[in-house]
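Overview (structure and organization)
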Amino acid sequence: MIVIGSDHGGLNLKTALNSYLTRRGYEVTDAGTNSDASVDYPDFGQKVAEAVIAGQAELGILICGTGIGMSIAANKIPGIRAALVTDVFMARMAREHNNANILVLGGRVLDEQKACDLVGAWLDASFEGGRHQNRLDKITSLEQKYNN
Ligand code: RB5
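Residues numbered from 1 in each chain as written. Predicted model: local features only at pLDDT ≥ 70, side-chain atom pairs only at ≥ 80, totals over all residues. Heavy atoms only, no water.

Right, let's talk about the packing of aromatic side chains for a bit. With the rule as written, the count across this model stands at zero aromatic pairs. Its guanidinium or amino end placed over the ring of Trp122, Arg95 lies 5.8 Å from that ring's centre, counting from NZ or CZ. (Phe/Tyr/Trp six-rings, centres within 6.5 Å; stacked < 30°, edge-to-face > 60°. Lys NZ or Arg CZ within 6 Å of the ring centre and 35° of its normal.)

Written out as structure tokens, the structure is:
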């Protein structure tokens, strides 16, 4: 299961990615928004991040205008590793090295084809573990230090 959410700035790309993921055989939960009315991206970042942390979805995708606000918001939730990417190399590394459980995209930055390429590269990659797990463990320690 993949949970996907956006604000108004990411709505068109969310619709396109929803179709792409369904065509690829993934089950998708759409956390909104579902109109072009102006909304606040942290609300949708929270919904998607909480669904991933609760195990309702293995992975999440978030889209706002630039992707910046969504990545800042989602990364506030302990256990979330949200990666804002703009090219295929970054998308692949987000999984192989960072084990990103949320991919973040900019709806006003990417065209539909590029966005599908980035999502595909992220989904097709695998976490390499080893020294990268040690680094993620250090991030978890930072969360524990500052979230009390
Ligand atoms: C909304 O206008 C815009 O600020 C939002 O989509 C996003 O780009 C924030 O980072």
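And the narrative resumes.
With that settled, the discussion passes to the side chain of Glu96. Tracing the backbone shows Glu96 in helix 4 (residues 88–96). Once you skip the residues sitting within four places of it in the chain, Glu96 turns out to touch Ala125, Ser126, Phe127, Glu128 and His132. (Helix = DSSP H or I, 4+ residues; strand = E, 2+ residues; numbered from the N terminus. Contact = heavy atoms within 4.5 Å.)

It is worth spelling out the packing of helix 1 (residues 11–23) against helix 5 (residues 112–124) at this point. Between helix 1 and helix 5, the least distance of the axes is 10 Å, while the angle of their chain directions is 50°. Viewed along their axes, helix 1 and helix 5 adopt a mutual orientation that is oblique. Between helix 1 and helix 5 lies a crossing of right-handed hand. Of the residues in helix 5, those in contact with Leu13, Ala16, Leu17, Tyr20 and Leu21 of helix 1 are Glu112, Ala115, Cys116, Val119, Gly120 and Leu123. Taken together, the residues that form the contact of helix 1 with helix 5 break down as nine nonpolar, one polar and one charged. (Axes fitted to C-alpha atoms, helices over the stretch in contact; angles between N-to-C directions. Parallel < 35°, antiparallel > 145°, perpendicular 65-115°, else oblique. Left-handed = near helix turned anticlockwise from the far one by under 90°. Nonpolar A, V, L, I, M, F, W, Y, C, P; charged D, E, K, R; others polar.)

Our next topic: the pattern of salt bridges. Two side chains of opposite charge can pair, provided their charged atoms sit close to one another. Applying the stated rule across the entire model yields three salt bridges. Put simply, Arg24 and Asp124 hold a salt bridge, and the shortest N to O gap is 2.7 Å. With Arg24 in the loop between helix 1 and strand 2 (28–30) and Asp124 in helix 5, this pair connects stretches of sequence that are 100 residues apart. Classification of Asp124 by relative accessible area gives exposed; the value is 54%. A salt bridge links Glu96 to Arg92, with the shortest nitrogen-to-oxygen separation between them at 3.4 Å. Here Glu96 and its partner Arg92 are both found in helix 4, four residues apart, which amounts to about one turn of the helix. (Salt bridge = Lys/Arg side-chain N within 4 Å of Asp/Glu carboxyl O. Buried < 20%, exposed > 50% of the residue type's maximum accessible area, 1.4 Å probe, protein only.)

Close to the ligand lie Asp7, His8, Tyr41, Cys64, Gly65, Thr66, Ile68, Gly69 and Arg108. Separating an oxygen atom of the ligand from a backbone N or O atom of Thr66 is a distance of 3.0 Å. Taking Gly69, its main chain carries an N or O atom lying 2.8 Å from an oxygen atom of the ligand. If the ligand stood free it would expose 300 Å²; the protein chains cover 70% of that surface. (Near = heavy atom within 4 Å. Polar contact = N/O pair within 3.5 Å; in protein donor to acceptor, adjacent residues only side chain to side chain. Areas by Shrake-Rupley, 256 points an atom, 1.4 Å probe, with all protein chains shown as cover.)

With that settled, consider the nonpolar core. With 24 residues, the main nonpolar core has Leu17, Leu21, Ile61, Val85, Leu105, Val119 and Trp122 as its most contacted residues. When sequence neighbours within four positions are dropped, the list of residues in contact with Val119 reads Leu17, Tyr20, Leu21, Ile61, Leu103 and Leu105. One finds Ala31, Ile77, Ala82 and Val104 within the second-largest nonpolar core, a separate group that totals 17 residues. (Core = buried A, V, L, I, M, F, W, Y, C linked by side-chain atoms within 4.5 Å.)

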